[in-house]
Amino acid sequence: MEYTITSNQALAALCFLAILILGRWYTAKGNNSSDWMSQYPMVGAGGQYFSVALATLRSFSESQRWAFEGYAKYSKANVPFIIPCLDRGNVVMIPPKQLKKVYGLPESILDVYWTQNDTIQTKYTIGDQDIIKNGFQMSVIRNQITRNLAHLTPVIATELKEGFNRYWGDTTEWKELRIWDSCLKLIVGAANGAFCGTPLCRDVQFLDSLRDHAMTMFVGALAVNGTPKLLRPVSGAIVSLLCAFRFNKTLKLCLPFIKERLENTAKAMTDPTFSWTPPKDGLQWIIEESYATNDPQQLDPTRVTHRLLYVNDISLHSTNSLNLVEALREECGAILQEAGGSWTREAVQKLKLVDATIRESMRLTPFASVGLPRTVVDPHGISLEGPNGKLHIPQGTVVAMPMDPIHRDEDFYPDAARFNPYRFMQPGPVRSILESSIQKIRKTMPPEKSTVTLDDAFLGFGFGKHACAGRFFALNEMKMFVAHMVLNYDVKCLDRRPELTNVVWLKIPFNDGKVRVRKRLSTT
């Protein structure tokens, strides 16, 4: 049956497109009031009328290409440039040589907190705004979880083994899997071994609901960010309803468990004869932090659940060489045997090649082509170095880093397009931005770099004091994931390696990439 577009449908589509263009043009016009953008080259916009607004719409799929184009033409010459962006307006790209200076500015000048909230549109995606205003669940990740990795490592290892058996199977027959879906399920289960423990971390229905909530929040934020500000209350209201639906579905599954934990905690604090040992997990530390506020409302079971889901939400947003696989197996097998057959925090820290493999994978497949957004909040703005003196950036402007181009810069990573984890085990070939810019040869080689090391030429976990709070926990889990996989499974990729989809500045695994897996014969 042939489908024909009616004149009314065509008119409606044109009207919607006109609203988008006018909305973006209006925003651009407001930003141009001080004519500050005339100081900067802009990539992606030509000289025609409405060019910035049209380029903003095109940024949905062109941002990565523009980031590389601007980086080669301007950043390498230490010149800032602008990319029109669907979700941020006109974003100023900071050259690598100015990264430390700009990102070292105090929060009273360059904001990160509210910028991050704007990225995930917490106004619409989070039902309880108190967990944003009083976000002590982030301190739990940064402090308690990181300090207790020695206790949590065996727990995570156990849940990874359970998950692999559940989703990848325990037979030697080949099984076909969707890469993204199966890995996400494994990570959710293992992470919740640390976040809330059994039985929830093994409840498939609960884990699927957590995943769906996180994906709804992520896609919803992307949709709101891509809507002109005048229309965001409309798209935001729709996203709020979807996120609330996902949250309530998850709440029904875990509320009895949360209530029981709260009741046990309260009884243990008031009744010395009550025999109960508080678990060492994220949920318990969230409850303890809630008590520390002296605000009874923080102990509401629904609010505690909101905090637990928020921790889950942010935790989900991370070669085919046979010689490398064998080397990984050799390293993992030797260290596991040395540890007595069970993973400990100390044993995981010794997985140097695994660490380097993860770092190299994150280098070549970062989560974004443009990252680390910050907003200028100082009324006087900030200044950048330009080819002819100082350049002004006014209050309200978003700045960011061309992450993907930096990770593929030959000056920092010789033979940058090649997957080579050994480059991080031999520090000489890997240069920082400072070392590269002054072409200095060290007499003393720098130490090996772990994936969690904050480096101006590796931005996978952010940069500066606002780097990812959970990076130590995340790396610990990823290393055990890789170790269990290479020791226990054979993996065959099907067809070609699935590419990430570029959506504005993000790189998203919207694909149906598949692999075939089977339990290794030597492990049965």
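Please read these numbers as outputs of a predicted model, since none were measured by experiment.

Cut-offs used in this document
- Here, residues in each chain are numbered from 1, in the same order as that chain's written sequence.
- At least 70 in pLDDT is required for a residue's local features to be given in this predicted model, at least 80 for side-chain atom pairs to be given and counted, and no such filter applies to totals for whole chains, interfaces and linings, which use all residues.
- For side-chain calculations, the full set of non-hydrogen atoms in the structure is used, while hydrogens and water are omitted.
- Put simply, DSSP marks the helices as runs of H or I at least four residues long and the strands as runs of E at least two long, and each gets a number from the N terminus on.
- Exposure classes here rest on a 1.4 Å probe applied to the protein chains alone. A residue is buried below 20% of its type maximum, exposed above 50%, and partly exposed in between.
- Residue burial considers only the protein chains on display, and all accessible areas are found by Shrake-Rupley using a 1.4 Å probe.
- A pairing counts as a salt bridge when a side-chain nitrogen of Lys or Arg comes within 4 Å of a carboxyl oxygen of Asp or Glu.
- Between rings of Phe, Tyr and Trp, where Trp is taken as its six-membered ring, a pair exists when centres lie within 6.5 Å; planes separated by under 30 degrees are stacked, by over 60 edge-to-face, and by other angles tilted.
- Only when the NZ of Lys or the CZ of Arg is both within 6 Å of the ring centre and within 35 degrees of the ring normal is a charge said to sit over the ring.
- The patches reported here contain residues having more than 30% relative accessible area and no salt bridge. Joining distances are 9 Å for like charges and 5 Å for nonpolar side chains (Val, Leu, Ile, Met, Phe, Trp, Tyr).
- For helices, the axis comes from a line fit to the C-alpha atoms of the stretch in contact; other axes are also lines fit to C-alpha atoms, and the angle between any two N-to-C directions lies between 0 and 180 degrees.
- Each angle receives one of four descriptions, namely roughly parallel if under 35 degrees, roughly antiparallel if over 145, roughly perpendicular if within 65 to 115, and oblique otherwise.
- The crossing is said to be left-handed when, going from far helix to near helix, the turn is anticlockwise and less than a right angle, and right-handed when the turn is clockwise.
- By definition, residues are in contact when any of their heavy atoms lie within 4.5 Å.
- Residues belong to one nonpolar core when they are buried, are Ala, Val, Leu, Ile, Met, Phe, Trp, Tyr or Cys, and are joined through side-chain atoms within 4.5 Å.

### Thoughts on the overall build of the protein chain
Point 1. Counting secondary structure elements, the protein chain contains 19 helices and 12 strands.
Point 2. Within the protein chain, the proportion of its 524 residues that are buried is 50%.
Point 3. When the accessible surface of the protein chain is summed, it comes to about 25100 Å², and 56% of that surface belongs to carbon and sulfur atoms.

### What about the pattern of salt bridges?
Point 1. The tally for this structure, following the rule as stated, stands at 26 salt bridges.
Point 2. Linking Lys76 and Asp409 is a salt bridge whose minimum nitrogen-to-oxygen distance equals 2.8 Å.
Point 3. A relative accessible area of 5% places Asp409 in the buried class.
Point 4. Between Asp212 and Arg211 there is a salt bridge, with its nearest N and O atoms 3.4 Å apart.
Point 5. By relative accessible area, which is 15% here, Arg211 ends up buried.
Point 6. In the salt-bridge network here, residues are joined through shared partners; they are Asp181, Lys185, Asp208, Arg211, Asp212 and Arg246.

### So, the packing of aromatic side chains
Point 1. Taken as a whole and judged by the stated rule, the model has nine aromatic pairs.
Point 2. On the numbers, 5.3 Å between centres and 75 degrees between planes, the contact of Trp168 with Tyr489 is edge-to-face. Tyr489 matches Trp168 in its accessibility class, with the two residues each being buried.
Point 3. Each residue in the set Phe164, Trp168, Phe481 and Tyr489 is aromatic and connected to the rest through ring pairs, giving one cluster.
Point 4. Sitting above the plane of the Phe412 ring, Lys76 keeps its charged end 6.0 Å from the centroid.
Point 5. Note that Arg363 overlies the ring of Tyr413, its terminal NZ or CZ placed 4.8 Å from the centroid.

### Regarding a nonpolar patch on the surface
Point 1. A contiguous nonpolar surface patch, about 290 Å² in accessible area, is contributed by Val234, Ile238 and Leu242.
Point 2. Looking at the secondary structure, you find Val234 in helix 11 (residues 232–270).

### Side note on the packing of helix 8 (residues 149–167) against helix 9 (residues 179–195)
Point 1. Running from amino to carboxyl end, helix 8 crosses helix 9 at an angle of 150 degrees, the nearest separation of the two axes being 8 Å. One finds that helix 8 runs roughly antiparallel with respect to helix 9. The hand of the helix 8/helix 9 crossing is right-handed. Facing Leu152, Val155, Ile156, Glu159, Leu160, Gly163, Phe164 and Tyr167 of helix 8, the residues of helix 9 in contact are Lys185, Leu186, Gly189, Ala190, Gly193 and Ala194.

### What to know about the nonpolar core
Point 1. Formed by 99 residues in total, the largest nonpolar core has its most connected members in Val92 and Trp343.
Point 2. With nine residues, the single largest contributor to this core is helix 19 (residues 471–488).
Point 3. In this view, Trp343 contacts Thr153, Pro154, Ala157, Cys332, Ile335, Leu336, Val348, Leu351, Met480, Ala483 and Leu487; residues no more than four positions away in its chain are not counted.
Point 4. Core analysis: the next-biggest nonpolar cluster, separate from the first, contains 21 residues, Ala67, Val79, Trp505 and Leu506 among them.

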